[in-house]
Structures are given as structure tokens and as C-alpha cells.
Amino acid sequence: MEVGNVLRIIIIITGVVLLCITVSSLAKRRMTEPFCLTWGLISIIIILAGVLLRPVILNRYISTTGMALVLLLGFCAIYGAYIMSARVSELMRRNLELAMQVSLLNQENEVIKKRLEELAEEMGQKPL
């Protein structure tokens, strides 16, 4: 089997695996919807690139070792970007939770202030 055909198969498999992982992350709520949509589009583009591109004359330009190195670097880049997307999604969710908690604390603080002012007026003191 030629290097070009092996590269096509690896690209297609990578796209399919990335699409499965993206759908799984959406189902498990690891990533937010915009990130999942972006990764889904990237995986479909990778699959289409593997199907439509025909690197049959790749043997002239790159050796088998060079192709393995390029594939390894590509996988590392995709994995790193995917992990960063998952972390950013997690931080966005935590930020939203913290904003809701701060809002609840502000509401509680307003209720306590109002109650203190009412008590101060009842006792004939100057409100704070």
C-alpha cells in the first residue's frame, strides 16, 4: 500500500473518531454546544479532505518516517486544541454558576439591608 493511500485512510479514521468524541462530549455535557458544533464541522472537513484529496504522488515528496512524524504532530495539535476547548467550556459553565451565586447573594444582601433599615426605624434610630 502506498503512503498516499495510508494517509487517506488515517485522515478519514481521524475525522470519524473526532466526530464520535465530539458527539459523546455533547451528550456527557463536557463541552458547550458552540464548541461541539465547531469540532463537528472540523471533523466533517477532515473526513471530506480524506475522501476528496488524492495524495497518490506523495511518495516523491515525503518519506514514510516523515509522514509518521507529520501525523504525530497533527494528532498532538488536534488533541491539544480539543483539550483546551473542553477546559474553556468547563470554565464557562463554572463562570455562569458563580454569576448565579453572586446574583443570589446580592438579592439576599438587599433583603437583609431592607430588614435592618426597618428595624432601625422601629427602634427610632437613624438607618445605616
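What counts, and at which threshold
Residues numbered from 1 in each chain as written. Predicted model: local features only at pLDDT ≥ 70, side-chain atom pairs only at ≥ 80, totals over all residues. Heavy atoms only, no water. Helix = DSSP H or I, 4+ residues; strand = E, 2+ residues; numbered from the N terminus. 1 Å grid on protein atoms, 1.4 Å probe; cavity = no way out; pocket = protein on both sides within 12 Å on 5 of 7 lines; lining within 4 Å. Points joined across faces, edges and corners; volume = space filled by probe spheres on them. Axes fitted to C-alpha atoms, helices over the stretch in contact; angles between N-to-C directions. Parallel < 35°, antiparallel > 145°, perpendicular 65-115°, else oblique. Left-handed = near helix turned anticlockwise from the far one by under 90°. Contact = heavy atoms within 4.5 Å. Nonpolar A, V, L, I, M, F, W, Y, C, P; charged D, E, K, R; others polar. Phe/Tyr/Trp six-rings, centres within 6.5 Å; stacked < 30°, edge-to-face > 60°. Buried < 20%, exposed > 50% of the residue type's maximum accessible area, 1.4 Å probe, protein only. Patch = residues over 30% accessible without salt bridge, like charges linked within 9 Å, V, L, I, M, F, W, Y side chains within 5 Å. Areas by Shrake-Rupley, 256 points an atom, 1.4 Å probe, with all protein chains shown as cover. Salt bridge = Lys/Arg side-chain N within 4 Å of Asp/Glu carboxyl O. Lys, Arg positive; Asp, Glu negative; His and termini not counted. Charge placed at Lys NZ, Arg CZ, Asp CG, Glu CD. Core = buried A, V, L, I, M, F, W, Y, C linked by side-chain atoms within 4.5 Å.

- An unreviewed UniProt entry annotates the protein chain as DUF2304 domain-containing protein of Candidatus Acetatifactor stercoripullorum.

With respect to unusual backbone geometry
Excluding glycine, residues mostly carry a negative phi; peptide bonds, for their part, are mostly trans.
Step number 1: Here the phi dihedral of Arg29 falls at roughly 60 degrees; this positive angle occurs in a residue that is not glycine.
Step number 2: Structurally, the position occupied by Arg29 is in the loop between helix H1 (3-27) and helix H2 (33-52).

A few points about the layout of surface pockets
Step number 1: The calculated volume of the largest pocket comes to roughly 210 Å³.
Step number 2: Lining of the largest pocket is provided by 13 residues; of these, Ile11, Leu71, Gly74, Phe75 and Ile78 occupy positions nearest its centre.
Step number 3: Sorting the residues of the lining of the largest pocket by element identifies H1 and helix H3 (64-122) as the ones contributing at least two each.
Step number 4: Of the residues forming the lining of the largest pocket, the biggest block, six residues, is contributed by H3.

Remarks on the packing of H1 against H3
Step number 1: Two numbers describe how H1 lies on H3: the axes approach to 12 Å, and their chain directions differ by 10 degrees. Judged on the interaxial angle alone, H3 and H1 are roughly parallel. Every pair of crossing elements has a handedness; the one defined by H1 and H3 is right-handed. Two secondary-structure elements touch here, H1 through Val3, Val6, Leu7, Ile10, Thr14, Leu18, Ile21, Thr22 and Ser25 and H3 through Thr64, Met67, Leu71, Phe75, Ile78 and Tyr82.
Step number 2: Class assignment for the residues of the contact of H1 with H3 results in 11 nonpolar, four polar and no charged.

A word on the packing of aromatic side chains
Step number 1: Following the criterion strictly, the structure yields one aromatic pair and no others.
Step number 2: Ring centres 5.4 Å apart and planes at 70 degrees place the aromatic pair Trp39 and Tyr82 in the edge-to-face group. Highlighted residues: Trp39 in helix H2 and Tyr82 in helix H3, separated in sequence by 43 residues.
Step number 3: Note on Tyr82: relative accessible area 10%, which makes it buried.

Considering a negative patch on the surface
Step number 1: A cluster of like negative charges, contributed by Glu110, Glu117, Glu121 and Glu122, occupies part of the molecular surface.
Step number 2: Structurally, the position occupied by Glu121 is in helix H3.
Step number 3: A residue is classified by how much of its surface remains accessible, and Glu121, at 57% relative accessible area, is exposed.

Thoughts on the nonpolar core
Step number 1: One finds Leu18, Met31, Cys36, Trp39, Ile46, Tyr82 and Ala86 forming the largest nonpolar core, which totals seven residues.
Step number 2: Among the secondary structure elements, those contributing two or more residues to this core are H2 and H3.
Step number 3: Top element by residues in this core is H2. It accounts for three residues.
Step number 4: Residues in contact with Ala86, not counting those within four places in the same chain, are Arg30 and Met31.

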